[in-house]
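Reading the structure
Read off the chains here:
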Amino acid sequence: MDIVASKIGGIASRTPVNLGEVVNRTMRSALSDYEPMYLEHSPNYLMFGFWRQIGLDGHSFIVIEGDRNSGRVTAEIATNTVKTIPYYRLSDTPVLGTFGFRARVCDILGGFDSSHMYSSKDELERVMQEIITVYCHQGMRLMTEKVELAVKKAKSLWGAIYEEWLLAEQTVKDDGTGKRYRDLANEEEVRAFVASKLEDETVMRFMGKLRSKYKDDEFLNSHVYFMARGLDFLDERDTLDTLANSQMQLQVNNRQPASGNRITWSDIVGRDEGVTDAEKVLKAVKRNKGMTEPLPDLTWYLTGRMPQDISVKLGEEERERHWNYCFYKTFAVLEGLYRPQATKGMFEI
């Protein structure tokens, strides 16, 4: 139950509104192909997650977030190649995310984060229709535009290195010196580096419960291999555009207009020829009096990990920054790619 403050006849009162009931009903009517998924609520915030599969190895997510103590609500959208809400935010720099990204809908559409206000059940119904059928729908399309080519390129690049590692595992000669792979440069130094990072408190905040993955020797060995290979070509200055090759053009399928009584894009922003979708949303947000300050970042409650801007420190010296970046980047790669050799399915963290 969400308690929102409202004023009736100039007297402040507190009105109970079942946010979960409204969210679920709106999702069923507007985006029925999404399935509900369980998310734990925090002491101050409510979170409602929804998931759907896209193709063979694509997953999209919508998370509705609400404040327990005030009438504020917003949404995050995400895509991933494994069935888990991704840790990496689209706005994080350097770009560590590889196969999964997420973003607040107002941020990806309007260029700045904010939340919607409501003070009654009727207002909440309207707000949720707007968030789900307009912001989430359009935001997911733009999210795909931003990340699809970079993810495809990453699958090709890192998939080949993954197969290379599997072949190297078949000819392992562990002589006790720390040299496991015959043709892998910097292996001993990288292995020692990874071991030292696993004792670093800031790295623990970054990994959270995923630190336990290193109990699997295969995972540790794969990280050593991937990082040693990545030292040769990874660059912390890379962006999604450079990773995707900016000369390649993404063809976005045209979508059919919404039908029935669903709120449409033009209902919110009006018809404005020659103006980009993001600019339309920005105009709508600016003139929408129902917008207010954003909810605090809820990365910890969604993933059990501290946000990247708090937990990732690359250092100052050039070599130190490069090695740290390669460590974090290849960990992100393995989150979406690694699978134990004893199993056949995609590894899901």
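Computed from a prediction, not measured in an experiment: that's the story for all the values here.

Let's shift gears to the confidence of the model for the protein. Per-residue confidence for the protein gives a mean pLDDT of 82; residues scoring 70 or more make up 78%. Low pLDDT, under 50, characterises residues 246-275; the predicted model gives this stretch 42 contacts beyond four residues in sequence or across chains. For the stretch residues 343-349, pLDDT sits under 50, and the model shows 17 contacts to residues farther than four places along the chain or on other chains.

This part covers the packing of aromatic side chains. Inspection of the entire model under this criterion finds 18 aromatic pairs. Ring plane angle 80° and centroid distance 5.3 Å describe the contact between F327 and Y328, whose orientation is recorded as edge-to-face. A single burial state applies to F327 and to Y328, both of which are buried. Looking at K83, its charged tip hangs above the ring of W51, at a distance of 3.9 Å from the centre.

The next subject is the pattern of salt bridges. Counted under the stated rule, the structure contains 28 salt bridges. Between R205 and E201 there is a salt bridge; the shortest N-O distance is 3.6 Å. On the criterion of helical spacing, the pair formed by R205 and E201 is a turn pair, its members being four residues apart in helix α5 (residues 201-207). On the basis of relative accessible area, R205 is assigned to the partly exposed category, the value being 29%. Ionic pairing is found between R321 and E236, a salt bridge with its closest N-O pair at 2.7 Å. Linking R321 in helix α12 (residues 318-337) with E236 in the loop between α6 (217-230) and α7 (240-244), this pair joins segments that are 85 residues apart in sequence.

In this section: the side chain of T299. Here T299 lies in helix α10 (residues 299-303). Reaching out from T299, the side chain makes a polar contact with the side chain of R102 at a distance of 2.5 Å. Contact partners of T299, with chain neighbours within four places excluded, come to Y87, R89, R102, G304, R305, M306 and P307.

Turning our eyes to something else, we now look at the pairing of strand β4 (residues 45-54). Burial of β4 is extensive: seven of the 10 residues sit out of reach of the surface. Bridge count for strand β3 (residues 35-37) against β4 is three bridges, and the pairing is antiparallel. Bridge assignment links P36 to a residue of β4, and that residue is F50. In terms of strand pairing, β4 meets strand β5 (residues 58-67) through 10 bridges, oriented antiparallel. The residue of β5 that forms the bridge with Y45 is D67.

Before going further, it helps to examine a negative patch on the surface. A cluster of acidic side chains, namely E316, E317, E318 and E320, defines a negative patch on the protein surface. Mapped onto the fold, E320 is located in helix α12. With a relative accessible area of 39%, E320 lands in the partly exposed category.

In the contact formed by helix α1 (residues 19-30) and helix α3 (residues 121-169), the axes pass within 10 Å of each other and the chain directions differ by 40°. What the angle tells us is that α1 and α3 run oblique. Along this stretch, α1 crosses α3, giving a crossing that reads as right-handed. In this structure, α1 uses L19, E21, V22, V23, R25, T26, M27, S29 and A30 to contact α3, whose residues at the interface are K121, L124, E125, M128, Q129, I132 and T133. The residue inventory of the contact of α1 with α3, partitioned by class, reads eight nonpolar, four polar and four charged.

Moving on, we come to α3. Residues that lie three or four places apart on an α-helix share one face, since the helix turns once every 3.6 residues. With 49 residues, α3 should cover 72 Å at 1.5 Å per step; its first-to-last C-alpha distance of 59 Å lies more than 12% under that length. V147 marks where α3 bends most, by close to 40°.

Parameters at a glance
Residues numbered from 1 in each chain as written. Predicted model: local features only at pLDDT ≥ 70, side-chain atom pairs only at ≥ 80, totals over all residues. Heavy atoms only, no water. pLDDT = per-residue confidence, 0-100. Contact = heavy atoms within 4.5 Å. Phe/Tyr/Trp six-rings, centres within 6.5 Å; stacked < 30°, edge-to-face > 60°. Buried < 20%, exposed > 50% of the residue type's maximum accessible area, 1.4 Å probe, protein only. Lys NZ or Arg CZ within 6 Å of the ring centre and 35° of its normal. Salt bridge = Lys/Arg side-chain N within 4 Å of Asp/Glu carboxyl O. Helix = DSSP H or I, 4+ residues; strand = E, 2+ residues; numbered from the N terminus. Polar contact = N/O pair within 3.5 Å; in protein donor to acceptor, adjacent residues only side chain to side chain. Pairing = 2+ DSSP bridges. Patch = residues over 30% accessible without salt bridge, like charges linked within 9 Å, V, L, I, M, F, W, Y side chains within 5 Å. Areas by Shrake-Rupley, 256 points an atom, 1.4 Å probe, with all protein chains shown as cover. Lys, Arg positive; Asp, Glu negative; His and termini not counted. Charge placed at Lys NZ, Arg CZ, Asp CG, Glu CD. Axes fitted to C-alpha atoms, helices over the stretch in contact; angles between N-to-C directions. Parallel < 35°, antiparallel > 145°, perpendicular 65-115°, else oblique. Left-handed = near helix turned anticlockwise from the far one by under 90°. Nonpolar A, V, L, I, M, F, W, Y, C, P; charged D, E, K, R; others polar. Expected span 1.5 Å × (residues − 1). Bend = angle between axes of the 7 residues up to and from the residue.

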